[in-house]
Each structure stands twice: as C-alpha cells, then as structure tokens.
Amino acid sequence: MGELKYSNQGEIDLLAFPNDLNDDTLDALRRTISTLRQQGCQKLVLVGKEIERITSHNLEIPAGAIRIFRTMEGKITLAEFPENVLQLIRRVSWYKYLNVFKTIPEAITFLDPER
C-alpha cells in the first residue's frame with residue numbers, strides 16, 4: 001500500500017496520492033486534511049498523477065474533512081489527475097468544493113496569484 005506524500009511550496013501544502021486510491025488512502029487523506037487545517041493550512045493541492053486505479057468503495061470518506069476545511073476559508077485544488085479518475089471523483093459530493101487544474105503550477109497560481 002502506498003502512502004500520501006507531503007511537500008510544501010511556501011504557504012501551499014501538496015499531498016500526492018500513491019498509485020492505488022483505496023479506502024485506506026482516503027482515510028489517510030481525511031486525517032491529513034484535518035491535521036493540516038488544525039496547523040493553519042489554508043491552501044492545499046491534491047496531486048493525482050500517480051493514480052493508476054481506484055479500489056475504494058467509498059469515495060465519500062474525506063467529505064467531512066474537505067467541507068470543514070472549506071468552511072474555515074481553506075482552498076483545495078486537484079492537479080494532474082488522470083481523466084478516468086476525475087470522472088469518478090466528479091460523482092462525489094465533495095467534488096463541488098474543489099478547483100481542478102491540469103498542472104501543479106496552474107493550481108499554485110490559482111491559490112497564490114502573487115507568485
């Protein structure tokens with residue numbers, strides 16, 4: 001099982017998914033978003049370029065954490081997600097809270113237009 005990979009660029013946090021988007025990964029995403037929010041994070045990029053398959057039966061797992069992050073004035077973007085993965089994510093309730101970009105630099109520019 002792969003793990004989320006964390007990095008940051010200034011005040012923007014990035015979380016990269018492993019190749020398998022499964023219930024464990026989504027639960028780790030839920031916990032990590034909550035932790036980052038509690039640490040003051042307000043700008044987050046979720047990077048999906050490594051995702052090769054989705055084996056989750058419950059893509060709603062991170063919904064609560066994403067909604068809370070957004071209500072606390074946080075912004076979440078998706079970057080570099082394969083189209084087949086985006087098609088599935090578009091069906092979940094939390095998709096409406098996200099901004100989707102083809103590249104990480106586009107997502108970062110959206111989150112920090114002053115760069």
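The rules behind these values
- Residues numbered from 1 in each chain as written.
- Predicted model: local features only at pLDDT ≥ 70, side-chain atom pairs only at ≥ 80, totals over all residues.
- Heavy atoms only, no water.
- Helix = DSSP H or I, 4+ residues; strand = E, 2+ residues; numbered from the N terminus.
- Pairing = 2+ DSSP bridges.
- Axes fitted to C-alpha atoms, helices over the stretch in contact; angles between N-to-C directions.
- Buried < 20%, exposed > 50% of the residue type's maximum accessible area, 1.4 Å probe, protein only.
- Arc of directions from axis to C-beta.
- Contact = heavy atoms within 4.5 Å.
- Polar contact = N/O pair within 3.5 Å; in protein donor to acceptor, adjacent residues only side chain to side chain.

**Here we look at unusual backbone geometry**
(1) Moving on: Not every positive phi belongs to a glycine, and Glu-73 is a case in point at roughly 70 degrees.
(2) Moving on: Looking at the element boundaries, Glu-73 is found in the loop between α2 (63-71) and β6 (75-79).

**Describing the sheet that holds strand β7 (residues 98-101)**
(1) Moving on: Strand order across the open sheet formed by five strands is β1-β2-β4-β6-β7, with mixed pairing between neighbours. Here the strands that pair on one side only, and so sit at the sheet edges, are β1 (5-9) and β7. Between one strand and the next, the sheet's axes are offset by a mean angle of 25 degrees, whatever the strand orientation.
(2) Moving on: Here strand β2 (residues 12-16) runs beside strand β4 (residues 43-47); their pairing, made up of four bridges, is parallel. Each residue of the ladder has a partner; that of Asp-13, found in β4, is Leu-44.

**Observations concerning helix α4 (residues 104-111)**
(1) Moving on: For α4, the set of buried residues is Ile-104, Ala-107, Ile-108 and Leu-111. Considered in projection along α4, the buried side chains sweep an arc of 100 degrees and stay on one side of the axis.
(2) Moving on: As for α4, its buried residues are in contact with β1, β2, β4, β6 and β7.
(3) Moving on: With a side-chain oxygen positioned 3.2 Å from the backbone nitrogen of Glu-106, the residue opening α4 is Thr-103.

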